[in-house]
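The chain contents come next:
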Amino acid sequence: MSGFISAQTVKDKDSLREKEIEDVVIIGYKAQKRSSLTAAVSTISDKKLKDASTSDVSSMLQGKAAGAQVSLGGGAPGSTATVKIRGTSTINGSSQALWVVDGVMMTGTPNLDPNQIESINILKDATSTALYGSRGANGIVQVFTKSGSSGKGVLSFSMNNSFNTFTNGRFKLMNGTQLYDNFTSLKNAPPLPEELRNDGYNWLKNGTQTGVVQNYTIDFRGGSENSKTYISGNYYNETGTVKTYEFNRLSFRINHEQKVKSWLTLKPKVSLSYTTGKDNQGSLYEMYLNVPWDNPRDSDGNLINPNTYTGNWYGRDYSNYLYDLQWNYGKSNQLDLLGNLDAEIKITDYLKFITTNNVTYKNYDDMYYTDPRSISGESNKGGLTESYVKDISKFFNQMLRFDKDFGVHNVNALAAYEYSDRFYKISRAGVYGVVPGTDIFDDGATTGQKPSGTKFERAYNALLFNAEYVYDKKYFVQGSLRSESSSAFGKDHRNGLFYSYSLGWNIHKEKFFNVKAINEWKLRASRGLVGNTPTPNYGWQDLYALTQVYNGQVGATWSQLGNPDLTWESIYQNNIGTDITAFNNRLTLNVDYFNNKTKNLLILATLPSLTGVDRQYLNVGDVQNKGWEFSFNYAIIKSPTVTWDLGFNISTYKNAVLSTRNNATQLLNNSQAAITGYDVTSFYMRKWMGVNPDNGAGQWEVVNADGSRTLTSNYNQATLQIVGHATPDYYGAFNTNLTVKNFYMNANVYFSQGGQIYNSDRELFDSDGAYPYYNQMVLQNGWTRWEKPGDIATHPVASYNSSSLTNRPSSRYLEDASFVKLRSLRFGYNFPASLTEKIKIKSASVYIMGENLFTITKFSGVDPEVGVPSDQTTYSGRAETIYPIPRRFSLGFNFSF
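Residues numbered from 1 in each chain as written. Predicted model: local features only at pLDDT ≥ 70, side-chain atom pairs only at ≥ 80, totals over all residues. Heavy atoms only, no water.

## Some thoughts on the overall build of the protein
Note the following rule: Each helix is a run of DSSP H or I of at least 4 residues and each strand a run of E of at least 2, with the numbering of both proceeding from the N terminus. It is over C-alpha atoms that the radius of gyration is taken, and the globule rule equals 2.2 Å times the number of residues to the power 0.38. Any residue under 20% of the maximum accessible area for its type is buried, any over 50% is exposed, and the rest in between are partly exposed; the area is computed with a 1.4 Å probe on protein chains only. Here, residues are in contact when the closest pair of their heavy atoms is within 4.5 Å. Residue burial considers only the protein chains on display, and all accessible areas are found by Shrake-Rupley using a 1.4 Å probe. Counted as positive: Lys and Arg. Counted as negative: Asp and Glu. His and the chain ends are not counted at all. By convention, the charge on Lys lies at NZ, on Arg at CZ, on Asp at CG and on Glu at CD.
Along the backbone of the protein there are seven helices and 48 strands. Computed over the C-alpha atoms, the radius of gyration of the protein is 30 Å, within 12% of the 29 Å expected from 2.2 N^0.38 for a compact globule of 897 residues. Once the C-alpha set of the protein is aligned to its principal axes, its extents read approximately 95 × 75 × 65 Å. The buried share of the protein, taken over its 897 residues, is 52%. Contacts in the protein between residues at least 24 apart in sequence constitute 69% of all its contacts with a sequence separation of at least 6. Per element, the accessible surface of the protein, about 39900 Å² overall, is 55% carbon and sulfur. If you average the places of the 88 positive and of the 81 negative side-chain charges in the protein, the two averages end up 7 Å apart.

This is the structure in structure tokens:
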């Protein structure tokens, strides 16, 4: 079922027959007419998803909807993006949106072929998310896959071939000459051989390449009055821009609808994907760090082991990843299987029973081989490690849906019972002393790594209710309730009640309204309570670790103090909005204001060690998050041969910590802290005050007890304080679509303004001599180094093996995170029917596309657009050595028969 349903004209009074030509939208669990919609929702059709060529559906959402902040996770093949809706509403919990595919809640971002998608809804307020209860707090990405159609079947084939080029932004490393001059300028630096003053070896250039993408899809849509089928198969292959990494995925889906009786329709669905990765790639980190004076090969062309090399090796870490990659490698496999057995029973013309039943199975394994001849295998005579993951989720929803007209009155309602659970298990093991070239444990290995692993189970059940009353298509009132139980809490706090209520008014339906230019004008408002499920599955229980051994016996140590009163994070959401269409439906405008407050924030509190246990999960603290969203679309030209439309959306939000535990400073990861009155993403570090022009020393700020402020050149004496935050002032996108006869053009520009980003790479590559045998970055335009008294410089005096600590975390490396990106530009041609009919083809088209074409930014690093690191749950605003997002050029063909 897609997010849009084209309703047909039928005279019957029962509204389930969808009697008017009007959009019927699926929002969460319910279907309703767009004219009576009171929720804050953005809908993205499959046509709007075609301006990106990627294996990941989350990356395609960037710039498509107001309020959805999409940060790409990097440019490695198979990487996914972070989708955050309406800012950050928590401190320690996850801030990522919930994914729902064909009515089923997913764990994380689904491994889904984007070509299978019909439409996507972004659900943003309590009216649209309250029925999802404890998992709806961060908004919802609701995905509808394609379905079959009545009538003659259509077979389609699409082919896309792309070339990815490595792009490093404004981050430029020194060549051998530049590094030589930089080294010899260091105070107290030892002499270097002058023959090193040449360009040297370019580790980055020689470790990267032009990556290639192959993307082929074949699908079929067809059926009859009683049977509809959609079948799709896809092959996706991508080689990385860092050499010797390959990502492969095979995907298959079948969605079928069979009308067995006039009152019974079966809707089975099966989706299968098999993903493999081959990792023999070089270390991007070492490509940056290794100095150009070191060549990985000797004069005879043999790869060098720096630890045994008799010549000069200057790099601090004595690393040559190319030597190891003669033998070392990794590989992974992942199987994703989703199966639905859904059905719809028509009890009466106004009452239906809908059952949704799903099992999602994921199996993942990886293997990493370290050869005993490699540098990394020297200490343990080589090694072999393997890990296995089994992840099984079940979802069952049994729903009654009522929809009936009573003259000018309409009442629609639903009641449902829902159950879901998840089982997750990971196991890791490894051996040392392996025989070279073998990749199984039973290969004569001499010792073994200590096996490790974990598993958990979590379950939910819930009762749902929603009702809506519509009067004369003018006035709407709606309410939702969800009573939910979760195994993540103790028996006295296991149940939660979530709710929402909303009002709507179609002003243009009023007799007094007589503005001809405005076709539709609706006001809406909503309020509700949703929850945020905590990350720990057993935070309410005492936990013990069986990791200590005494006198040959394993002993249990107390690792977590249970909290039987642990409960949900509660988010109270308020939203008011208006929707306008005008000028013969050429203009659409959507405006929303939201004000959300999170209570009972979940924190992992540190306890005094004298208690025998040092941690406990608590519900402490409040956060407020509020902002505006604007979405604008205008059809500038609408004619039979030329169409041109322009779209624009922008979002702005502010958040603040309202309270913390005892209103004290709560230290977070990544040099951040939660302090009452400040932004959730605030940076807590020493404040850089520039360079002392008299002696070239770095300076930081000291906040004295009386509130006065002074300067110090002693890093350890400087005061930790709030110095900025990562939250942008606003973000959004421009997009435009132009069609001239059979030619078309699409463009998407994404922007983010304000906020700061901590460029942690500068601690190593802009280190003022602290790391003289690491490569260094070329100073940006406007940056200068202090050389003599009186110099007004951005950088302090540089000394060999500097101990001034000027490269330690401080606001010195906080930079403006603003940027503008030309995300995509696509040109295409649709072959005329007069030509395709002659060659027995229904339709055909060809296109060329460029992605990530340019970025305008002041950020000195690789990319100011950074998502959530793999080991974190919230956006940190910290830029590390990421795999750069490549510049991509594509050529594609589409045919249908």
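And the narrative resumes.
## Describing the sheet that holds strand E9 (residues 117-123)
The test is simple: Only strands that DSSP links by at least two bridges are regarded as paired with each other.
The five strands are arranged E4-E9-E10-E7-E8 in an open sheet whose pairing can be described as mixed. Of all the strands in the sheet, just strand E4 (41-45) and strand E8 (104-105) have a single pairing partner and so form its edges. In this sheet, E9 lies alongside E4 in antiparallel orientation, the contact comprising five bridges. The residue of E9 that forms the bridge with Ile 44 is Ile 120.

## Quick notes on the pattern of salt bridges
Heads up, the rule is: Think of a salt bridge as a Lys or Arg side-chain nitrogen and an Asp or Glu carboxyl oxygen that are within 4 Å of each other.
If you walk through the whole model with that rule in mind, you get 34 salt bridges. Asp 51 is paired through a salt bridge with Lys 64; the nearest N and O atoms lie 3.1 Å apart. Pair noted here: Asp 51 is in the loop between E4 and strand E5 (68-72) and Lys 64 is in the loop between E4 and E5, with a separation of 13 residues, a long-range link. For Asp 51, a relative accessible area of 11% puts it in the buried group. A salt bridge links Lys 394 to Asp 421, with the nearest nitrogen and oxygen atoms 3.2 Å apart. With Lys 394 in strand E18 (residues 383-406) and Asp 421 in strand E19 (residues 409-432), this pair connects stretches of sequence that are 27 residues apart. A relative accessible area of 31% places Lys 394 in the partly exposed class. Taking relative accessible area as the criterion, Asp 421 reaches 15% and is therefore assigned buried. A cluster of three or more residues bridged by salt bridges with shared partners is formed by Arg 135, Glu 418, Arg 482 and Glu 484.

## Focus on a nonpolar patch on the surface
Rules: Patch membership requires more than 30% relative accessible area and the absence of a salt bridge. Residues of like charge join within 9 Å; the nonpolar side chains Val, Leu, Ile, Met, Phe, Trp and Tyr join within 5 Å.
A cluster of nonpolar side chains, Leu 155, Ile 218, Phe 220, Ile 231, Phe 252, Val 270, Leu 272, Leu 337 and Phe 897, forms an exposed patch at the surface whose accessible area comes to about 700 Å². Elements with a minimum of two residues in the nonpolar patch: strand E12 (211-223) and strand E15 (264-279). The residue Phe 252 is located in strand E14 (residues 245-261) in this model.

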